[in-house]
Amino acid sequence: FASAVAREMKTSAIMAIIISLLAIVAYIWVRFQKITFGLAAVVALVHDVLIVLGLMALASYLSGNPLGDALLLNDFRINLPMVAAFLTVVGYSLNDTIVVFDRIREVRGKNPGLTDEIVNTSLNQTLSRTLLTSLTTFFVVIILYAFGGEGIHGFAFCLTLGVIVGTYSSIYVASPVLIWLMNRDATTA
C-alpha cells in the first residue's frame, strides 16, 4: 500500500478504537448507572491490550534462541489473525469484568459507598466461576498453540496471553480502579 493509504488506514483504526472505547463506557454506564464502572472497565481493557502487545514483542525478541525454540515462539507480526486475537482478548476480558462488576453491584445493594470488603466479598463469590472459565479457555488455546499449525499459531499465542492477562486484570486492575474512582467521587462530592 502507498504511504498515504497506510496513514489513512491508521487514522481510521485509531478513530475506530476511540469510538469503540467510548461505546463500551456508555454501555456500562447505562447498565450500572455510574460512569465509574465504564471507566474502570476501559482501564482494564487498555491494560490488557498493552500488556499482551508487549508480551508479543518480547516473544518475537526471544524467537530464534533456545528458550524461544522450547516455547515454540516465532517472530510474531501484527496481521489480520492477530487483530482478531486482540479483539477476542478485549471481548473475553470485558465479559469477565462485567461479571465481576455485576456481583459487586449486587453485593453493594443500596449502599452508596464502595468498600474494600464489598469488593472482596464479590470477588470471592465470582472467583470459582472466573477460574473455571479461564482454565477451560486456557487449555483449549494451549492445545491450539501447540498443535494448531502455522496459520493459527500467532492467534493462539495471543489468546493464551490474553486469557491470563484478562483474568487477572478483571480482579487486580478493574476492581481496584473501580474502588479508587468510586471513593474519589465520594470525596469530591
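Residues numbered from 1 in each chain as written. Predicted model: local features only at pLDDT ≥ 70, side-chain atom pairs only at ≥ 80, totals over all residues. Heavy atoms only, no water.

S.K.: Explain the overall build of the chain to me, and be specific about the residues and the numbers.
M.R.: Broken down by element type, the chain carries seven helices and zero strands. Mapped in sequence order, the helices and strands of the chain form the string α-α-α-α-α-α-α. On the principal axes, the C-alpha backbone points of the chain span a range of 55 × 40 × 20 Å. Sorting the 189 residues of the chain into buried and exposed places 37% on the buried side. Split by element, the accessible area of the chain, about 10,800 Å² in all, is 70% carbon and sulfur. Side chains of the chain give 11 positive and 11 negative charges; the mean places of these two sets differ by 10 Å. (Helix = DSSP H or I, 4+ residues; strand = E, 2+ residues; numbered from the N terminus. Buried < 20%, exposed > 50% of the residue type's maximum accessible area, 1.4 Å probe, protein only. Areas by Shrake-Rupley, 256 points an atom, 1.4 Å probe, with all protein chains shown as cover. Lys, Arg positive; Asp, Glu negative; His and termini not counted. Charge placed at Lys NZ, Arg CZ, Asp CG, Glu CD.)

S.K.: Account for the pattern of salt bridges, naming residues and giving values.
M.R.: As enumerated under the stated definition, the model contains four salt bridges in all. Two residues, D102 and R105, come together in a salt bridge whose shortest N-O distance is 2.4 Å. In this pair, D102 and R105 are both assigned in helix α4 (residues 80-108), three residues apart and thus about one turn of the helix distant. Note on D102: relative accessible area 17%, which makes it buried. Beyond isolated ion pairs, a larger network of salt bridges with shared partners links R31, D102 and R105. (Salt bridge = Lys/Arg side-chain N within 4 Å of Asp/Glu carboxyl O.)

S.K.: Describe the layout of surface pockets, listing the residues and the values that go with them.
M.R.: Picture a little ball the size of a water molecule; that probe, rolled over the atoms, points out where space is still empty. Put simply, the largest pocket is a space of about 690 Å³. Taken together, 18 residues make up the lining of the largest pocket; nearest its centre are I17, V49, V83, F86 and L87. Mapped onto the lining of the largest pocket, the elements with two or more residues apiece are α1 (3-32), α2 (35-62) and α4. When its residues are assigned to classes, the lining of the largest pocket shows 16 nonpolar, two polar and no charged. (1 Å grid on protein atoms, 1.4 Å probe; cavity = no way out; pocket = protein on both sides within 12 Å on 5 of 7 lines; lining within 4 Å. Points joined across faces, edges and corners; volume = space filled by probe spheres on them. Nonpolar A, V, L, I, M, F, W, Y, C, P; charged D, E, K, R; others polar.)

S.K.: Describe a nonpolar patch on the surface, naming the residues involved and giving the relevant values.
M.R.: The grouping of I51, L55, L58, Y61, I164, Y168 and Y172 at the surface amounts to a nonpolar patch, some 720 Å² of accessible area in total. For the nonpolar patch, the element with the highest residue contribution is α2, accounting for four residues. Of the residues examined, Y168 reaches a relative accessible area of 31% and is grouped as partly exposed. (Patch = residues over 30% accessible without salt bridge, like charges linked within 9 Å, V, L, I, M, F, W, Y side chains within 5 Å.)

S.K.: Residue-level account of the side chain of D96, with values.
M.R.: With respect to the helices and strands, the residue D96 is situated in helix α4. The contact partners of D96, leaving out residues within four places of it in the chain, are R129, T130, G166, T167 and S170. (Contact = heavy atoms within 4.5 Å.)

S.K.: Tell me about unusual backbone geometry, and please be specific about residues and values.
M.R.: Peptide bonds are trans in most cases, and residues, glycine excluded, mostly fall at negative phi. A positive phi angle is found at Q33, which is not glycine, with a value near 60°. Among the secondary structure elements, Q33 is positioned in the loop between α1 and α2. A relative accessible area of 59% places Q33 in the exposed class. The phi dihedral of L72 is positive, around 60°, even though this residue is not glycine. Residue placement: L72 occurs in the loop between α3 (66-70) and α4.

S.K.: Give a description of the nonpolar core that names residues and reports values.
M.R.: If you look at the biggest cluster of nonpolar residues, it comprises 27 residues, and the most contacted ones within it are I28, F37, L94, F101, I104, L114 and L178. Among the secondary structure elements, those contributing two or more residues to this core are α1, α2, α4, α5 (116-147) and α7 (174-188). (Core = buried A, V, L, I, M, F, W, Y, C linked by side-chain atoms within 4.5 Å.)

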